[in-house]
Amino acid sequence: MKQWHQTIRPRQWQNQKSLAASPPMVLAGGFFVLILLGAALLLLPWSRVGPLSVGDALFTATSAVTVTGLGVVDTATHFTYLGQGILLLLIQLGGLGFMTFGVLVLLLLAGRVSFSHQFLVKESLNQTQLSDVMRLVRHLARFVLIAEGLGIVLLALCWVPQMGWHKGLWHALFYTISAFNNAGFALSSDSLSQYVDSGPVNLIITALFMTGGIGFAVVSELAQKRSYNRLSLHSRVMLLGTLMLALGGMALFLLIEWHNPATLGHLSTGGKLWAAWFQSVTARTAGFNTIDMSAMTPAAVMLFLLLMLIGAGPGSTASGIKVTTFAVLLAATRAFLLRRPQTKLLNRAVPAVSVFKALAVTLLSLMLIFLAVFVLAISDHDKPFLDLCFEVVSAFGTVGLTRGITPELSATGKAVIMVMMFLGRVGPLTLGFLLAIPRVHRVRYAEEPVAIG
């Protein structure tokens, strides 16, 4: 059965007369329709407090569906409980993927799912074998319920005594869904800055968005094998890479910002450690912050640009080029410098096609970021260039961090950020697939070397 699944895929694509029904097109179209529907719901008079322009509604819906968190209006003051609930629904659908929800509904109604729907979910969750999809979706459903339920309970224990039952429970629900889906939407204009040195809140929130960002395939495999040495190469790279990036980012942030009075300088030693840990982890797509982003030094901003570009795991609620892509690029560079015929990663050889995919994803991502920054440098030339770069990379990585210029962007600038959020969520490689007509190459050409470097 596995062999049949793997061989039918290229035949389907080869026989397509157009891209209209291709999986990436369906997925991208689904996100687009969800954005339009979400914007329409946010414009309802019962969803908002005061006026809300169509452009701001579209921006907010795009940010929610792509689980970014960038905002042009304040969530707490511009939306009613109904509007905030709509945002949560958009975040949940966008974070887990609308096709995943479709399969779950079909499973509940019919008990089985057609091959075509499994194929679409495979693309949505970035899996390589159809045989793994349905098992993964079942694990995903249970895992989401447990993770978000536990997050709500733990945050309620922190906030109900402080805010009361009604407000405390709503905050716990909102922040749990927003954090687990790496969305970054908050019910306070300063995000979570008031909890900068709160151990429980820092631990719960970071645990939620790290769990959501590590990738559902990794979580599923961990639940089954429960041993690091028995995990697949992908899962081991994700876990090790996540830990190294989190601790490395924390150490560098402490080194850079330790004496900055506007960020870490005024905090106690414990507060500095919590703040550095939170910022290091949130920079890879979560979007919350406990310090003022606009007060960071240029060196810290550069560190954040790298972390936001890398992102988290494939098949997760996060975006960016992904931890595994970055790891493959480093391994391929090392193999070239050592003149090794194979790319080795954790004592395993990485297939050449994975190396090519990593190169394609990274190059296309950098090209899109360059183009977006170039346009913003023209349309919003009055803004600091480093802030524009930060905004673009944050949007493309669906991070949601900002240095405070999002509401001040021109109409063109906001449109560029919306496009970057959408492309960052759909994926650079998927975009490349949509722009190319799939066809079979039956001709092999003579090889000839080209000078490099």
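Residues numbered from 1 in each chain as written. Predicted model: local features only at pLDDT ≥ 70, side-chain atom pairs only at ≥ 80, totals over all residues. Heavy atoms only, no water.

1. Considering helix α13 (residues 269-282)
Move 1: Over its 14 residues, α13 runs 20 Å from end to end, which matches the ideal 20 Å to within 8%, given 1.5 Å per residue.
Move 2: Within α13, 10 of the 14 residues are buried, which leaves the element mostly enclosed by the surrounding structure.
Move 3: Looking only at α13, the buried set comprises Gly271, Lys272, Ala275, Ala276, Trp277, Phe278, Gln279, Ser280, Val281 and Thr282.
Move 4: Here the buried face of α13 lies against α10 (199-213), α12 (233-257) and α14 (298-310). (Helix = DSSP H or I, 4+ residues; strand = E, 2+ residues; numbered from the N terminus. Expected span 1.5 Å × (residues − 1). Buried < 20%, exposed > 50% of the residue type's maximum accessible area, 1.4 Å probe, protein only. Contact = heavy atoms within 4.5 Å.)

2. Some thoughts on empty space enclosed by the protein
Move 1: The final tally for this structure, using the stated rule, is 1 cavity of 30 Å³ or more.
Move 2: Taken as a whole, the largest cavity spans an internal volume of roughly 100 Å³.
Move 3: Surrounding the largest cavity, 13 residues form its lining, Phe209, Met210, Gly213, Arg284 and Ala312 being those nearest its centre.
Move 4: Taken together, the elements giving at least two residues each to the lining of the largest cavity come down to α10 and α12. (1 Å grid on protein atoms, 1.4 Å probe; cavity = no way out; pocket = protein on both sides within 12 Å on 5 of 7 lines; lining within 4 Å. Points joined across faces, edges and corners; volume = space filled by probe spheres on them.)

3. Focus: the packing of helix α16 (residues 352-379) against helix α18 (residues 411-426)
Move 1: Close contact between α16 and α18 brings their axes to 9 Å; oriented N to C, the two are set at 170°. As judged from the angle between their axes, α16 and α18 are roughly antiparallel. Contact with α16, carried on its side by Leu368, Ile369, Ala372, Val375, Leu376 and Ser379, involves Thr412, Gly413, Val416, Ile417, Met420 and Leu423 of α18 and no other residues of that element.
Move 2: When the residues that make up the contact of α16 with α18 are grouped by side-chain class, the tally is 9 nonpolar, 3 polar and no charged. (Axes fitted to C-alpha atoms, helices over the stretch in contact; angles between N-to-C directions. Parallel < 35°, antiparallel > 145°, perpendicular 65-115°, else oblique. Nonpolar A, V, L, I, M, F, W, Y, C, P; charged D, E, K, R; others polar.)

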